[in-house]
Amino acid sequence: MIPENLKYSNDHEWLKMDGEFAYVGITDYAAEQLGDITFVFVDTLDETLGQNEQFGEVEAVKTSSPLMLPIGGEVVEFNEKVDSDATILNSDPYGEGWIVKIRPTNPAEADALLDAAQYAEFIK
């Protein structure tokens, strides 16, 4: 299931615009590829990063992977639920499993991201 209301990056992050803010998480596909996720590390709170810059890292039982911002913005919130229970990324990556909330510096960057159909084709 790939939600239609989100945008997707080639790095398997999703983006949901919400007024002046946006939410970022990893896709179900990414969570499946990583396996059992054990920890999410975000040390960029209150920092402004560019598009495709690393904002954190996700660790699974056998690997770790960088987390990249699909669009540039200021990281204004790290999801406390994910911080205390990273397995939410495996069970609900598109809902409770959002990772950071950002204030986009250039919301138009989202226009270049993949829509659900394009992302589905990308992961085939």
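Residues numbered from 1 in each chain as written. Predicted model: local features only at pLDDT ≥ 70, side-chain atom pairs only at ≥ 80, totals over all residues. Heavy atoms only, no water.

Student: For the overall build of the protein, give the residues involved together with the corresponding values.
Tutor: Scanning the protein for helices and strands turns up four helices and nine strands. Its C-alpha atoms give the protein a radius of gyration of 13 Å, within 12% of the compact-globule value 14 Å for 124 residues. Dimensions of the protein, computed from C-alpha atoms along their principal axes, come out at roughly 35 × 35 × 20 Å. Per-residue burial for the protein yields a buried fraction of 44% across its 124 residues. Here the analysis covers contacts within the protein between residues at least 6 apart in sequence; of these, 60% occur between residues at least 24 apart. Surface summary for the protein: the accessible area is close to 6,400 Å², and the carbon and sulfur share equals 45%. (Helix = DSSP H or I, 4+ residues; strand = E, 2+ residues; numbered from the N terminus. Rg over C-alpha atoms; globule rule 2.2 N^0.38 Å. Buried < 20%, exposed > 50% of the residue type's maximum accessible area, 1.4 Å probe, protein only. Contact = heavy atoms within 4.5 Å. Areas by Shrake-Rupley, 256 points an atom, 1.4 Å probe, with all protein chains shown as cover.)

Student: Quick rundown of the environment of Ala117? Include the residues and the values.
Tutor: Within the element layout of this structure, Ala117 appears in helix α4 (residues 116-122). In this structure, the C-alpha to C-alpha distance between Ala117 and Ser9, residues 108 residues apart in sequence, is 12 Å.

Student: How would you summarise the sheet that holds strand β2 (residues 13-18) if you had to cite specific residues and measurements?
Tutor: The antiparallel open sheet is built from six strands, whose spatial order is β1-β2-β3-β9-β8-β5. Two strands in the sheet have a free side with no partner beyond their single neighbour: β1 (7-8) and β5 (48-49). Bridge count between β2 and strand β3 (residues 21-26): six bridges; the pairing is antiparallel. Across the sheet, the residue bridging to Met17 is Ala22, located in β3. (Pairing = 2+ DSSP bridges.)

Student: A description of the environment of Lys62 should follow, citing residues and the corresponding values.
Tutor: Within the fold, Lys62 resides in the loop between β6 (54-60) and β7 (64-68). Relative accessible area serves as the criterion here: at 81%, Lys62 is assigned to the exposed category. Spatially, the C-alpha atom of Lys62 lies 8.1 Å from that of Gly35, the residues being 27 residues apart in sequence.

Student: Can you lay out the nonpolar core for me, pointing to particular residues and giving the numbers?
Tutor: Among the nonpolar cores identified, the biggest contains 27 residues, and Ile26, Ile37, Val40, Phe55, Ile99 and Val100 are the most heavily contacted of them. Looking at this core, the elements that each hand over two or more residues are β3, α1 (28-34), β4 (37-41), β6, β8 (73-78) and β9 (100-104). Once residues within four sequence positions are removed from consideration, Ile26 is found in contact with His12, Glu13, Trp14, Ala31, Leu34, Ile37, Leu67, Leu89, Pro93 and Ile99. Counting nine residues, the second-largest nonpolar core is a separate cluster that includes Trp14, Tyr23, Trp98 and Tyr119. (Core = buried A, V, L, I, M, F, W, Y, C linked by side-chain atoms within 4.5 Å.)

Student: Before we move on, could you go through the side chain of Glu13 and cite the residues and values that matter?
Tutor: Following the sequence through the fold, Glu13 ends up in strand β2. Here Glu13 occupies a buried position and makes no salt bridge, while the nearest side chain of opposite charge, Lys7, is found at 15 Å. (Lys, Arg positive; Asp, Glu negative; His and termini not counted. Salt bridge = Lys/Arg side-chain N within 4 Å of Asp/Glu carboxyl O.)

Student: Can you lay out the pattern of salt bridges for me, pointing to particular residues and giving the numbers?
Tutor: Taken as a whole and assessed by the stated rule, the structure comprises four salt bridges. As a salt-bridge pair, Glu74 and Arg103 come within 3.0 Å of each other at their nearest N and O atoms. With a gap of 29 residues between them, Glu74 in strand β8 and Arg103 in strand β9 connect regions that are remote in the sequence. When salt bridges with common partners are traced through the structure, they connect Glu20, Glu74 and Arg103 into a single cluster.

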